[in-house]
Amino acid sequence: MAETLDWRRGEAGDLILAGARVVDPASGLDEARDVVIRAGRIAELASTGSASLDGAERIDAEGLLAMPAFFDPHVHLRTPGREDEEDPETGARAAAAGGYCGILAMANTDPVVDTAADVVALRERAAAEACVPTGFLATATRGMAGEELTEALELRDAGAIGISDDGLPIASSRVMRRVLAYQGLHGLQLALHEQDPELSAGGSMHEGEVSAELGIGGWPSVAESIMIARDCELAAYESARIHVQHLSAASSVEAVEAAKARGVRITCEATPHHLVLTDEALRSLDADFKMNPPLRTEFDRQALIAGLRSGAIDCVATDHAPHAADEKAEPIESAPFGVTGLETAFAVLHTELVLPGVLPLDLLVERMSAGARAFDFAQPRIEPGAPADVVLFDPAVEWEVGADGWESRSRNSCFKGRALTGRVQLTVAGGRVAFRRRSFALGVAS
Ligand SMILES: [Zn+2]
Ligand SMILES: [Zn+2]
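For the structure given in this document, a descriptive report is provided here. Worth saying up front: this structure is predicted, and the values here are computed from it rather than measured.

## Section: the overall build of the chain
Along its length, the chain carries 13 helices and 19 strands. Computed over C-alpha atoms, the radius of gyration of the chain comes to 21 Å, within 12% of the 22 Å expected from 2.2 N^0.38 for 446 residues, which places it in the range of a compact globule. Once the C-alpha set of the chain is aligned to its principal axes, its extents read approximately 65 × 50 × 45 Å. A separation threshold of at least 6 residues defines the contact pool for the chain, and within that pool the share at least 24 residues apart is 75%. A distance of 3 Å separates the average location of the 40 positive side-chain charges in the chain from that of its 69 negative side-chain charges.

The following block contains the structure:
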């Protein structure tokens with residue numbers, strides 16, 4: 001990925017992924033090839049069995065998919081403040097295990113990331129520890145209080161990738177307007193957690209039939225879509241651009257579609273959990289299904305899938321949100337919002353959407369890395385000359401999401417116990433092997 005992301009660089013080894021089924025959505029390529037990786041770049045897509053390169057490691061990839069590695073524009077690394085839940089090293093390892101070659105971390109840490117010095121400190125930590133390129137957003141408002149703007153020019157110069165108060169909305173329309181106007185000076189992408197705090201007050205799950213039956217406070221979908229509609233209006237008025245995080249509702253997809261149709265500069269994301277699960281999961285009273293925004297209805301889920309298919313929703317983001325087990329063991333009302341997701345994202349969507357024929361594989365692959373473009377990075381490609389950001393995925397492996405075995409320091413997955421088909425076996429980021437599944441056969445030198 002681009003140089004502005006930080007990671008533990010180092011010598012890139014040469015590799016041949018022999019006989020992989022190469023899927024590159026941008027060129028429409030879907031064919032078995034030998035992928036030759038040399039000096040950190042894709043050197044060649046040779047016909048099967050023909051590639052050789054002195055000193056390269058040869059990996060038998062027959063029957064495996066070789067795809068552009070994924071990019072997640074929305075993760076929580078919990079550093080500083082909650083390194084017991086995640087840090088740049090473990091978060092990046094979790095990302096690599098899920099097939100990611102780039103991640104962007106949110107700024108709602110403790111304390112929040114709202115000064116240039118905070119950004120520099122995190123970048124240094126990622127440069128020392130992270131096995132995949134990692135970027136950091138800073139908050140849009142000081143202390144995430146939603147009142148005073150941060151010094152986005154200084155934050156940008158310190159290397160912040162964008163600004164966001166994720167975790168909280170910017171409730172005041174007046175402050176939001178100023179944030180958008182200021183974007184003209186710094187140009188950083190603004191990522192938005194959309195939630196009207198008055199409409200969602202007291203809500204632990206989606207407001208609907210299930211919350212009524214369970215007697216749990218609801219957070220209605222209109223609390224999200226009303227804010228998206230407001231911010232589309234303001235972005236248009238100030239000629240600014242926005243990236244809307246984790247869409248959860250049909251009405252939100254409609255708001256985005258309407259804005260895009262009239263030329264508002266907006267991109268947006270959906271998470272695997274909102275694409276696969278509904279509020280019915282809360283009947284278990286398991287707080288690993290408590291996230292913000294909440295899981296909604298089957299109607300909303302179908303609208304998100306349709307939006308992903310049509311391009312109204314630009315990309316998949318995990319909103320990987322690690323939490324300590326004892327805090328998630330609390331009752332639904334008092335447990336924190338958030339679920340992990342980096343290590344299961346692609347396997348879940350492959351199992352639930354691609355294999356049943358709901359989404360074509362190449363479309364999902366494209367959406368898994370399109371978040372890069374929303375933040376001005378080149379989207380990973382498998383083509384000669386491109387940086388070697390490649391994931392090898394075995395589409396036939398069957399496995400069950402376990403309670404253990406995570407690279408992440410936390411295990412609050414909402415897919416625990418689920419049977420999945422397909423698993424990431426190897427991730428190459430910038431030409432370096434960032435992840436290799438232990439059970440995956442080692443290659444032999446050519
Ligand atoms: Zn959020
Ligand atoms: Zn988030």
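## A closer look at the packing of aromatic side chains
Given two aromatic rings, one states the distance between the centres and the angle between the planes to describe the pair. Inspection of the entire model under this criterion finds 4 aromatic pairs. Between Phe70 and Tyr100, the aromatic rings sit 5.6 Å apart at their centres with planes inclined by 75°, giving edge-to-face as the arrangement. Of the two residues, Phe70 sits in strand β6 (residues 70–75) while Tyr100 sits in strand β7 (residues 100–105), which places them 30 residues apart along the sequence. On the basis of relative accessibility, which here comes to 0%, the residue Tyr100 falls in the buried class. Ring-pair connections join several aromatic residues into one group, and the members of that group are Phe70, Tyr100, Phe346 and Phe393. The cationic tip of Arg423 hangs over the ring face of Trp399; the distance from NZ or CZ to the ring centre is 3.7 Å.

## Details of the coordination of the zinc ion (ligand 1)
Looking at the zinc ion (ligand 1), the protein donor atoms are Asp166 (OD), His193 (ND1) and His246 (NE2), and they sit 2.0 to 2.1 Å from it. The motif formed by the donor residues of the zinc ion (ligand 1), counted along the single chain, is D-x26-H-x52-H. Separation of the zinc ion (ligand 1) from the zinc ion (ligand 2) amounts to 3.5 Å, with Asp166 serving as a shared donor to the pair. Here the residue Asp166 occupies a position in the loop between β9 (162–164) and α4 (173–186), and His246 occupies one in the loop between β13 (241–244) and α7 (250–261), the gap between them amounting to 80 residues. Accessibility expressed as a relative area gives 1% for His246, which makes it buried.

Calculation notes
- Residues numbered from 1 in each chain as written.
- Chains lettered and ligands numbered in written order.
- Predicted model: local features only at pLDDT ≥ 70, side-chain atom pairs only at ≥ 80, totals over all residues.
- Heavy atoms only, no water.
- Helix = DSSP H or I, 4+ residues; strand = E, 2+ residues; numbered from the N terminus.
- Rg over C-alpha atoms; globule rule 2.2 N^0.38 Å.
- Contact = heavy atoms within 4.5 Å.
- Lys, Arg positive; Asp, Glu negative; His and termini not counted.
- Charge placed at Lys NZ, Arg CZ, Asp CG, Glu CD.
- Phe/Tyr/Trp six-rings, centres within 6.5 Å; stacked < 30°, edge-to-face > 60°.
- Buried < 20%, exposed > 50% of the residue type's maximum accessible area, 1.4 Å probe, protein only.
- Lys NZ or Arg CZ within 6 Å of the ring centre and 35° of its normal.
- Donors = N, O, S within 2.8 Å, 3.2 Å for Na, K, Ca; no water.

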